[in-house]
Amino acid sequence: MTVGIASYGSYVPYRRLKRAAIAEVLGIPAGKGERAVASFDEDSVSMAVEAARDALRAAPGTTVRTLLFATTTPPYAEKLNAALVGAAAQLPLEIRAADLTGSPRVGLTALLQAADAVGANGGSALVAIADCRLAAPEGKAEQAGGDAGVAFVVGEDPIAEIVASASVTREFLDTWRAPGERFAHTWEERFALTQAYGPLLGAAVKRVLEQAQCAPSSLARIVLDAPNPRAADELARGAKIAPEQLADPLALTVGQTGAAHAPLVLASVLAAAKPGDLILVASAGDGADALLLKVTARAASYTQPRSVGRLIESKGDVAYARYLKWREILPTEPPRRPDPDRPAAPPMLRSETWKFGFVGSRCTACGTPQLPPQRICIRCGTRDRMTPHPFADLPAKVATFTLDRLAYSLNPPTVNVVVDFAGGGRFLGEMTDCAPEKVQIGDEVEMTFRRMHSAGGVHNYFWKCRPRR
Amino acid sequence: MASNGIRDRVAIVGMGCTQFGEHWDKGPDDLLIDAAYQAYESAGVAPNDVDAYWLGTMGQLSGLTLSVPLKIDYKPVTHVENFCATGSEALRQACYAVASGAYDLAMAIGVEKLKDSGYSGLVVSSPANDGTLGNMSAPASFSLLAPAYFKKYGLDPAKGKEVLARIAWKNHRNGAKNPRAQFRKEVPMEAILNSPKVADPLGVMDCSGVADGSAAAIVCRAEDAQKYTRHPIFIKALSFVAGPGEGPLAQDYDFTTFREVVASAKDAYTQAGVSDPRKEISMAEVHDCFTPTELVLYEDLGFSPRGTAWQDVMSGFFDLDGGLPVNPDGGLKSFGHPIGASGLRMMYEMWLQLRGEAGPRQIERPTLGLTHNLGGAPGRCVSFVSIVGR
């Protein structure tokens, strides 16, 4: 049985923070380029949803039986984050789902676990990986890090077949963060580089190449990822890998995205891959995982809705001070409005498909789509003749709008819009990832899953719209 | 089935209205007592002469909010609320109760203490919900009207903004003549146009103020009115509708109208026998919570043909000396909007104007006055329209 990547999706958030902008405020040396920053209304779950929805769009008719969510920054420490991803992606009830966390290499681990699950249980597995790298100001990680999501449907008719894999695991103190701590600590660099990442990454790569009886020179593309990027460089030199074989690590455009990083670079590599290409992906962190993929003939006819490249190009800057406010690193005066309430469990359960899946209803008597789902039709008044009608993927246009400077928000002004969906249905809600002063009646928008606010330890997820990316 | 109305069957025979503003030294109890006793005195009655009470205020749980401070002597007190039309709803209930014959004399009274919360405007906590209801301030809800109206009728944004400012300018000009208003200064157009943005394109000066206040009316059957006053005013129509909330739901709603207002106005005009409001209505108090609201109301209430209200604004048709003065007392703009009190405050202006007691704001020989109140948001609201006359 051939198991591999059947489809993939990626997500790079819209906002970019220029490294020079950080350095200027703090009076420290600036790194080159910029890093991707999750917006004030995003986190690892919402970014994973974006990528997962894209991956599922590219694999219509997939029967998902396993869902794995991998991150080092889960919004909930206790409560299944994967369940949120599943609800937003409208996956069926009958799935096995798990969160994988603890190490930045967990993204690649999740991909391997998914392959095992498909081998054992059949069907497909959805792997959604995202990280929102939070780092203390002035530290290296703040500039080097990045936020992103990526997802794979792992199944039996792949575009990239898994040829071999290898893993090593070793207890090792390099990067750590206790529960409740916001920022990670790291040990001295040379120690990790020489004693851990170099040797462990090397061991995993060596084993996977031996298994496949494959020489480094036969690899079309190589993705090497370690918390310290020098480990990858040194390994590449040692293993006689030509520089042109190495994939662009996206350091200048996205940043090092933790659990999402190796898989995200893999997604960017897949976009340009040709049938027959061999791709090696390896990721380190308390050990290392390595994976060898062979691009199949099906890849020739595969098209990806939104490539990593397109998402990198689609961007808007954020000022460093505003970023600090978004991450609640810089305390600011709250607006003179009551704090938002936390949503309540029973209404959330009752409206699950609406709240998480953005599924409205359509009247079977007169055909009018409407949202939120109604029992009595707004057009013809017929009772209880509704059928579920998903809106999350439908294009929409702005009917009217305002910029609310009074509403509670970490990113004022709140852009409130009325949007009309193609084919019927209207939504009054927020627009995000936009330049507020440029919003116009008639603008084309698409829906995006976001964290509206958090209160009482509850993250309130729902949908907003954004200009089409 | 029909909305039959109670034309000329009920009279208002006494009214009271506190000054609206920052009453840091008064609680809601004090404001209720002040408005109620003004109304008793105005009708020449003692507290025990009133048979039943309707109290309009937001977020309270019972009639005890009124009966305890007023020491009402074991009489029925009904607490009502209906968003920003709460005071109007209290009046409607009191009028219908008297018209039914159930009571001889009833009081409608409204109060709100907004300044004590520390927040701007009314703060209502929502019941347990799924977190999908949205996060939108009141000015933002109503400012959705502005770009939609400008686009539909071809006003460029700068011109549209000027039209809105002209409405605020007019209301402040009227309010400057009113000792009960919170703001009693005329405001130059430039100050309105350049006021800090609240919900684009609306600035602070496009919004009604935040105030504390209370107002009350005493009503009886029309045939008994002369017992209490030589100059009663008579209810010609009371109409209240709640909409199905199609604005945020259906694409054919275009955010340039309040369908609820159109429906309640039509009903009220039928009840009162008014066929051409632009000519027959002498003056109106309308719900100018935000400037685009008032603009759209001119058309919904039939004062201006569709798409032309902005021209009537610019020509001064709605000014105190214009063809149909709107918000002669200064409106919510000058008074602020203590929710439960506003509808009755509007009626208080009709009471003064129809009795010739409005002083420097007095309109020449008014015959019919209209009050309008709405609550909610464009496309999802409740609307009240009354018509009163001599």
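A brief report on the enclosed structure follows.

1. A closer look at the overall build of chain B
Scanning chain B for helices and strands turns up 13 helices and 11 strands. When its C-alpha atoms are laid out on the principal axes, chain B stretches across 60 × 45 × 45 Å. Contacts in chain B between residues far apart in sequence, at least 24 positions, make up 77% of those at least 6 positions apart. Carbon and sulfur atoms provide 52% of the accessible area of chain B, an area that totals close to 14000 Å². Side-chain charges of chain B comprise 36 positive and 44 negative groups, with the mean position of each set lying 4 Å from the other.

2. Let's talk about the overall build of chain A
Each helix and strand counted, chain A has 12 helices and 22 strands in total. The principal-axis extents of the C-alpha atoms in chain A amount to approximately 70 × 55 × 35 Å. Buried positions account for 55% of the 469 residues belonging to chain A. At a minimum sequence separation of 6, the contacts of chain A that also span at least 24 residues come to 71%.

3. Thoughts on the interface of chain A and chain B
With 40 residues of chain A in contact, the opposing surface of chain B contributes 35 residues. Both faces considered, chain A and chain B share a buried interface measuring about 3000 Å² in area, 57% of it formed by carbon and sulfur atoms. Between chain A and chain B we count 1 salt bridge in total. Measuring nitrogen to oxygen at the nearest pair gives 2.7 Å for the salt bridge that ties D200 of chain B to R405 of chain A. At the boundary of chain A and chain B, one finds 19 residue pairs in polar contact (both at pLDDT 80 or more). Class assignment for the residues of the side of chain A that touches chain B results in 20 nonpolar, 10 polar and 10 charged. Taken together, the 2 bridges between strand β18 (residues 396-404) of chain A and strand β5 (residues 197-200) of chain B define a ladder with antiparallel strand orientation.

4. Quick notes on the nonpolar core
The tendency in soluble globular proteins is for nonpolar side chains to be buried as a group. All names here are of chain A. In terms of nonpolar packing, the biggest core is built from 57 residues, with V85, F358, V417, V419, F421, F427 and M431 touching the most fellow members. Take this core: its biggest share by element is 8 residues, from helix α2 (residues 44-57). Counting residues in each nonpolar core, the second largest holds 51 residues, with A36, A58, L266 and V308 among its members.

5. Some details on the packing of helix α3 (residues 86-99) of chain B against helix α13 (residues 339-354) of chain B
Residues and elements named next belong to chain B. α13 packs onto α3 with a crossing angle of 65 degrees between their chain directions and a minimal axis gap of 5 Å. Of the residues in α13, those in contact with T86, G87, S88 and L91 of α3 are I339, G340, G343, L344 and M347. Tallied by class, residues from the contact of α3 with α13 come to 4 nonpolar, 5 polar and no charged.

6. Considering the sheet that holds strand β2 (residues 15-18) of chain A
Residues and elements named next belong to chain A. Spatial ordering of the open sheet is given by β3-β2-β14, a layout of 3 strands whose pairing is mixed. Each edge of the sheet is formed by a strand with only one pairing partner; in this case those strands are β3 (34-37) and β14 (316-317). As paired elements, β2 and β14 share 2 bridges and run parallel to each other. Bridge pairing in β14 links R16 to D317. Along the sheet, helix α1 (residues 19-26) makes contact with β2 and β3, crossing β2 at roughly 50 degrees.

7. Comments concerning the state of the cysteines
Residues and elements named next belong to chain A. Throughout the structure, instances matching the rule amount to 0 disulfides over all chains. Not part of a disulfide, C363 finds its nearest cysteine sulfur in C380, a span of 3.7 Å. The thiol of C434 is not disulfide-bonded; the next cysteine sulfur, from C465, is found 7.8 Å away.

8. Looking at helix α7 (residues 229-238) of chain A
Residues and elements named next belong to chain A. Along α7, the residues classified as buried are A231, A232, L235 and A236. Down the axis of α7, the smallest arc covering the buried residues is 130 degrees, so these residues share one side. Every exposed residue of α7 that faces more than 90 degrees away from the buried side is listed here: R237 and G238. Buried residues along α7 sit against α6 (189-212) and β11 (221-225). Of the residues trailing α7, K240 is marked for its positive phi of about 55 degrees.

9. Some remarks on the environment of D131 of chain A
All names here are of chain A. Structurally, the position occupied by D131 is in strand β6 (residues 124-132). When its relative accessible area of 0% is taken as the criterion, D131 is described as buried. Each C-alpha atom, one on D131 and one on G107, is 9.4 Å from the other, the two residues being 24 residues apart in sequence. With near-sequence residues (within four places) excluded, D131 lies in contact with S44, M47, T71, T72, T73, G146, D147, A148, T257, G258, A259 and A260. Engagement of the side chain of D131 in a polar contact is seen with the side chain of T71, the distance being 2.8 Å.

10. As for the environment of L26 of chain A
Residue and element names in this part refer to chain A. Relative to the helices and strands, L26 is located in helix α1. For the pair L26 and P395, spaced 369 residues apart in sequence, the C-alpha separation works out to 42 Å. Those residues within four positions of L26 in sequence are excluded, and the remaining contacts are P137, E138, E142 and Y320.

11. Digging into the pattern of salt bridges
Overall, the coordinates contain 52 salt bridges over all chains when judged by the stated rule. Salt-bridge contacts for R345 of chain B lead to E285 of chain B; the nearest nitrogen and oxygen are separated by 3.0 Å. In this pair, R345 of chain B sits in helix α13 while E285 of chain B sits in strand β9 (residues 283-285), placing the two residues 60 residues apart along the sequence. A relative accessible area of 0% places E285 of chain B in the buried class. One network of salt bridges, with partners in common, ties together D41, E42, E430, D433, R450 and K464 of chain A.

12. Overview of the packing of aromatic side chains
Enumeration over the complete set of coordinates arrives at 27 aromatic pairs over all chains. Seen from their ring centres, F358 of chain A and F427 of chain A are 5.1 Å apart, and the 90 degrees between their planes marks the pair as edge-to-face. Of this pair, F358 of chain A sits in the loop between α12 (352-355) and β15 (359-363) while F427 of chain A sits in strand β20 (residues 426-431), and the two are 69 residues apart along the sequence. Note on accessibility: F358 of chain A and F427 of chain A belong to one class, buried. For the ring pair F20 of chain B and F335 of chain B, a centre distance of 5.2 Å and an interplane angle of 80 degrees mean the geometry is edge-to-face. On the criterion of sequence distance, the pair formed by F20 of chain B in the loop between β1 (10-17) and α1 (28-43) and F335 of chain B in helix α12 (residues 331-335) is long-range, its members being 315 residues apart.

13. Comments concerning the packing of helix α6 (residues 157-175) of chain B against helix α10 (residues 291-300) of chain B
Residues and elements named next belong to chain B. In contact at an axis separation of 9 Å, α6 and α10 are set at 95 degrees when each is read in the N-to-C sense. The angle between the axes of α6 and α10 places the two elements in the roughly perpendicular class. Residues V163, L164, I167, A168, K170 and N171 of α6 pack against T291, P292, E294, L295 and Y298 of α10.

The rules we used
- The residue count restarts for each chain, going from 1 along the sequence in the order it is written.
- Think of it this way: whatever chain is written first is A, whatever ligand is written first is 1, and the rest follow in order.
- Two thresholds apply to this predicted model, a pLDDT of at least 70 for residue-level local features and 80 or more for giving and counting side-chain atom pairs, whereas whole-chain, interface and lining totals are computed over all residues.
- Only hydrogens and water are set aside; all other atoms, that is, all heavy atoms of the structure, feed into the side-chain values.
- Secondary structure follows DSSP: runs of H or I at least 4 residues long count as helices, runs of E at least 2 residues long count as strands, and numbering of each begins at the N terminus.
- What makes two residues a contact is simply this: any of their non-hydrogen atoms within 4.5 Å.
- Values of accessible area rely on a 1.4 Å probe in the Shrake-Rupley scheme; residue burial ignores everything except the protein chains shown.
- Asp and Glu are treated as the negative residues and Lys and Arg as the positive ones, with His and the ends of the chain left uncounted.
- Every charge is mapped to an atom, namely NZ of Lys, CZ of Arg, CG of Asp or CD of Glu.
- Accessible area is worked out with a 1.4 Å probe on protein chains only. A residue is then buried under 20% of its type maximum, exposed over 50%, and partly exposed in between.
- By definition, the buried area sums, over both parts, the 1.4 Å-probe accessible area that each loses when the two are put together.
- Here, a salt bridge means any Lys or Arg side-chain nitrogen found within 4 Å of an Asp or Glu carboxyl oxygen.
- In protein, a polar contact means a hydrogen-donor-capable atom and an acceptor-capable atom, both N or O and within 3.5 Å, with residues adjacent in sequence counting only if both atoms are side-chain atoms; elsewhere, any N or O pair within 3.5 Å suffices.
- Nonpolar residues are Ala, Val, Leu, Ile, Met, Phe, Trp, Tyr, Cys and Pro. Charged residues are Asp, Glu, Lys and Arg, and all others, Gly as well, are polar.
- At least two DSSP bridges between two strands are required for those strands to pair.
- To qualify as a nonpolar core, a set must consist of buried Ala, Val, Leu, Ile, Met, Phe, Trp, Tyr and Cys residues joined through side-chain atoms within 4.5 Å.
- An axis is simply a line fitted to the C-alpha atoms; with a helix, the fit covers only the stretch in contact. Between two such axes, the angle follows the N-to-C directions and lies from 0 to 180 degrees.
- Cysteine sulfurs are considered disulfide-paired once they come within 2.5 Å of each other.
- Our arc is simply the arc of the directions from the helix axis toward the C-beta atoms.
- Aromatic rings from Phe, Tyr and Trp, with only the six-membered ring used for Trp, were paired whenever their centres fell within 6.5 Å, and each pair was classed as stacked if the ring planes differed by under 30 degrees, edge-to-face if by over 60, and tilted otherwise.
- Angle categories: roughly parallel below 35 degrees, roughly antiparallel above 145, roughly perpendicular from 65 to 115, and oblique for all the rest.

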